[in-house]
Amino acid sequence: MSDSDNTVSRRAPEPVGAFPHAKRVGNLLFLSGIGPRSRGTKEIPVGIEAQTLAVFRNVRTVLEDAGSGWDRIVDVQVFLTDMKNDFAAFNALYAEHFADNQPTRTTVEVNCLPTPIAVELKVIATID
């Protein structure tokens, strides 16, 4: 569902604040931070691998609902809460899922995220 240039997905997890899943500006789509929860639940998958795969699914959902797609991602910001223990596993899954499309990326460790999750992605993609 779109409200002007904002997209709020009916399939992705509900935002944890007063913000849309994505905002279109020109031919760019800016996604808000996307975590690993499933819509309608506050349950969080256990482990960095399960959380990473859930985040990737959620990002795909928001992109599709906004009229874009995984192959249109141009930039990824990754937030990890435990770089030392989680980076290698996250990076391996990232390499698999971005084998064809290789956007620019920044990965940072943060002290915590708004919910008790280990990974969050903020994405910029193109859109027609």
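First things first, this report covers the structure right here in the doc. Small disclaimer: the values here were computed from a predicted structure and weren't measured. Along each chain, numbering runs from 1 in the same order as the chain's sequence is written. In keeping with the model being predicted, local features are shown solely for residues with a pLDDT of at least 70 and side-chain atom pairs are shown and tallied solely at 80 or more, while totals for entire chains, interfaces and linings include all residues. Side-chain numbers come from the whole structure's heavy atoms, not from hydrogens or water.

1. A look at the overall build of the protein chain
Summing up its helical and strand segments, the protein chain has two helices and seven strands in all. Note on conventions: DSSP H or I runs of at least 4 residues are helices, E runs of at least 2 residues are strands, and numbering of each starts at the N terminus. Secondary structure elements of the protein chain occur, N-terminal to C-terminal, as β-β-β-β-α-β-α-β-β. For 128 residues, the compact-globule formula gives about 14 Å, and the C-alpha radius of gyration of the protein chain, at 14 Å, lands near that figure. The C-alpha extent of the protein chain, read off along each of the three principal axes, is 40 × 30 × 20 Å. Here the term buried applies to any residue with accessible area under 20% of the maximum for its type, exposed to any over 50%, and partly exposed to those in between, with areas from a 1.4 Å probe on protein chains only. A burial count over the protein chain gives 42% of its 128 residues as buried. A contact between two residues is defined here by any heavy atoms of the two lying within 4.5 Å. Here the contacts in the protein chain between residues at least 6 apart in sequence split such that 71% fall between residues at least 24 apart. Within these notes, the globule rule equals 2.2 Å times the number of residues to the 0.38 power, and the radius of gyration is based on C-alpha atoms.

2. Examining the pairing of strand β6 (residues 104-109)
Where strand β5 (residues 73-80) meets β6, six bridges bridge the pair, whose relative direction is parallel. Each bridged residue has a counterpart across the sheet, and for Leu80 the counterpart in β6 is Glu109. Handedness of the crossover joining β5 and β6 through helix α2 (residues 83-97) is recorded here as right-handed. When DSSP finds two or more bridges between two strands, those strands count as paired. Whether a crossover is right-handed depends on one test, that the path from the first strand over the helix to the second runs clockwise when the strands point away from the viewer.

3. Digging into the packing of aromatic side chains
Pairing of aromatic rings covers Phe, Tyr and the six-membered ring of Trp, with a centre-to-centre limit of 6.5 Å; geometry is then stacked below 30 degrees between planes, edge-to-face above 60, and tilted otherwise. As enumerated under the stated definition, the model contains six aromatic pairs in all. Through pairs of rings, three or more aromatic residues link up here, namely Phe56, Trp70, Phe90, Tyr94 and Phe98. When the ring centre of Trp70 is taken as origin, the NZ or CZ atom of Arg60, which lies over that ring, is 4.2 Å away. The criterion for a charge sitting over a ring is simple: Lys NZ or Arg CZ within 6 Å of the ring centre, and within 35 degrees of the ring normal. Over the aromatic face of Tyr94 sits the side chain of Arg105, whose NZ or CZ is 4.4 Å from the ring centroid.

4. Overview of the pattern of salt bridges
What counts as a salt bridge is simple: a side-chain nitrogen of Lys or Arg found within 4 Å of a carboxyl oxygen of Asp or Glu. Scanning all chains against the criterion turns up four salt bridges. Among the salt bridges present, the one from Glu14 reaches Arg39, with a minimum N-O distance of 4.0 Å. One end of the pair, Glu14, is in the loop between β2 (6-7) and β3 (22-25); the other, Arg39, is in the loop between β4 (28-31) and α1 (48-65), with 25 residues separating them in the sequence. Note on Glu14: relative accessible area 30%, which makes it partly exposed. With a shortest N-O distance of 3.1 Å, Asp128 and Arg72 are connected by a salt bridge. Here the residue Asp128 occupies a position in the segment after β7 (119-126), and Arg72 occupies one in the loop between α1 and β5, the gap between them amounting to 56 residues. Three or more residues joined by partner-sharing salt bridges are found here, namely Arg11, Glu64 and Asp65.

5. A closer look at the side chain of Asn58
If you trace the backbone, Asn58 turns up in helix α1. Residue classification places Asn58 among the buried residues on the basis of a relative accessible area of 9%. Pairs of N or O atoms within 3.5 Å make up the polar contacts considered here, provided that, within protein, one atom can donate a hydrogen while the other can accept it, and that residues adjacent in sequence are counted only when both atoms are side-chain atoms. There is a polar contact of 2.8 Å between the side chain of Asn58 and the backbone oxygen of Arg37. Contact partners of Asn58, with chain neighbours within four places excluded, come to Pro13, Ile34, Gly35, Pro36 and Arg37.

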